Amino acid sequence: MAKLIKQIFSTPYKVDLLFSDEDVRSKVVVSHDDVTENLFLFHESDSISGDVRISMPSNKKLDQQGVRVELIGSLEMFYGSSSEFICLEEELEGPKVIEGSATYPFNFQNFEKPYESYNGLNVRLRLVHLSCRLHR
């Protein structure tokens with residue numbers, strides 16, 4: 001029964017965000033909420049570019065209404081509220097049926113990065129949060 005439920009509700013596709021210079025880009029260690037992560041470090045003049053790769057099993061199809069990548073800067077208060085101060089969006093693909101796998105390049109260049117990232121006791125300022133949205 002658990003296997004049937006997993007097949008019904010599981011996502012048949014995998015989305016990977018790959019940066020074009022991730023093999024040479026500097027990383028920083030960030031700890032918050034008892035989780036430690038290695039994150040890429042971007043400087044003020046850096047552009048953010050790479051590929052979004054969508055992969056699926058060969059016998060599956062994905063009928064999607066658009067693929068978008070978003071670059072977000074957010075201010076998160078630990079008591080629940082948050083606000084965005086940067087939100088850039090790039091549409092990578094319109095409505096289409098994807099079979100197998102697909103790769104879409106993205107590039108955010110020459111945008112202003114007015115703040116540095118910060119993790120404090122009551123607030124977290126995240127300059128760049130990159131996400132991919134697949135509209136179905």
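Please read these numbers as outputs of a predicted model, since none were measured by experiment. (Residues numbered from 1 in each chain as written. Predicted model: local features only at pLDDT ≥ 70, side-chain atom pairs only at ≥ 80, totals over all residues. Heavy atoms only, no water.)

**What to know about the sheet that holds strand β4 (residues 48-55)**
Where strands meet in a sheet, backbone hydrogen bonds hold them as pairs that are either parallel or antiparallel.
Right, so step 1: Read from one edge to the other, the open sheet built from three strands follows the order β1-β4-β9, with strand pairing classed as antiparallel. Each edge of the sheet is formed by a strand with only one pairing partner; in this case those strands are β1 (14-19) and β9 (101-108). Averaged over all adjacent pairs, the angle separating strand axes in this sheet is 20°, with direction ignored.
Right, so step 2: Relative to β4, β1 runs antiparallel, the two being bridged by six bridges. Looking at the pairing, K14 lines up with S55 of β4. (Pairing = 2+ DSSP bridges. Helix = DSSP H or I, 4+ residues; strand = E, 2+ residues; numbered from the N terminus. Axes fitted to C-alpha atoms, helices over the stretch in contact; angles between N-to-C directions.)

**Overview of the nonpolar core**
Right, so step 1: Formed by 20 residues in total, the largest nonpolar core has its most connected members in I48, I54, L92, Y104, F106, F108 and L130.
Right, so step 2: Looking at this core, the elements that each hand over two or more residues are β4, β6 (66-77), β9 and β11 (123-135).
Right, so step 3: The dominant element in this core, judged by the number of residues it contributes, is β9, at four residues. (Core = buried A, V, L, I, M, F, W, Y, C linked by side-chain atoms within 4.5 Å. Buried < 20%, exposed > 50% of the residue type's maximum accessible area, 1.4 Å probe, protein only.)

**Some words on the pairing of strand β5 (residues 61-64)**
Right, so step 1: Burial along β5 is one-sided: the face carrying L62 and Q64 is buried and the face carrying K61 and D63 is not.
Right, so step 2: As paired elements, β5 and strand β8 (residues 96-99) share four bridges and run antiparallel to each other. Directly across from K61, in β8, lies its bridge partner E99.

**Thoughts on the side chain of R25**
Right, so step 1: You can see R25 is positioned in the loop between β1 and β2 (27-32).
Right, so step 2: Overall, the relative accessible area of 15% leaves R25 in the buried class.
Right, so step 3: Of note is the side chain of R25, whose polar atom sits 2.6 Å from the side chain of D21.
Right, so step 4: A polar atom in the side chain of R25 sits 2.9 Å from the side chain of D46.
Right, so step 5: What R25 contacts, discounting residues up to four positions off in sequence, is F40, L41, F42, D46 and S47. (Polar contact = N/O pair within 3.5 Å; in protein donor to acceptor, adjacent residues only side chain to side chain. Contact = heavy atoms within 4.5 Å.)

**Focus: the confidence of the model for the protein chain**
Low pLDDT means the predicted coordinates in that region are not meant to be read closely.
Right, so step 1: On average, residues of the protein chain score 78 in pLDDT, and 87% of them are at 70 or above.
Right, so step 2: In the model of the protein chain, helix α1 (residues 2-9) stands out as the element of lowest mean pLDDT, 52, in contrast to β9, which has the highest, 88. (pLDDT = per-residue confidence, 0-100.)

**Overview of the pairing of β9**
Right, so step 1: On β9, burial follows the alternation: A102, Y104, F106 and F108 on one face are buried, whereas S101, T103, P105 and N107 on the facing-out side are not.
Right, so step 2: In terms of strand pairing, β4 meets β9 through eight bridges, oriented antiparallel. Considered in β9, the bridge of S49 is made with N107.

**Quick notes on the side chain of D16**
Right, so step 1: Within the secondary structure, D16 sits in strand β1.
Right, so step 2: For the buried residue D16, which engages in no salt bridge, the nearest side chain bearing the opposite charge is K14, 4.0 Å off.
Right, so step 3: Aside from chain neighbours lying at most four places away, what touches D16 is D51, V52, R53 and S55. (Lys, Arg positive; Asp, Glu negative; His and termini not counted. Salt bridge = Lys/Arg side-chain N within 4 Å of Asp/Glu carboxyl O.)

**Some thoughts on the packing of aromatic side chains**
Right, so step 1: Within the structure shown, the criterion is met by three aromatic pairs.
Right, so step 2: Taken together, a centroid distance of 5.1 Å and an interplanar angle of 70° make the contact between F19 and F40 edge-to-face. On the criterion of sequence distance, the pair formed by F19 in strand β1 and F40 in strand β3 (residues 35-40) is long-range, its members being 21 residues apart.
Right, so step 3: Owing to a relative accessible area of 26%, F40 belongs among the partly exposed residues under this scheme.
Right, so step 4: Pairwise contacts between aromatic rings join F19, F40 and F42 into one cluster. (Phe/Tyr/Trp six-rings, centres within 6.5 Å; stacked < 30°, edge-to-face > 60°.)

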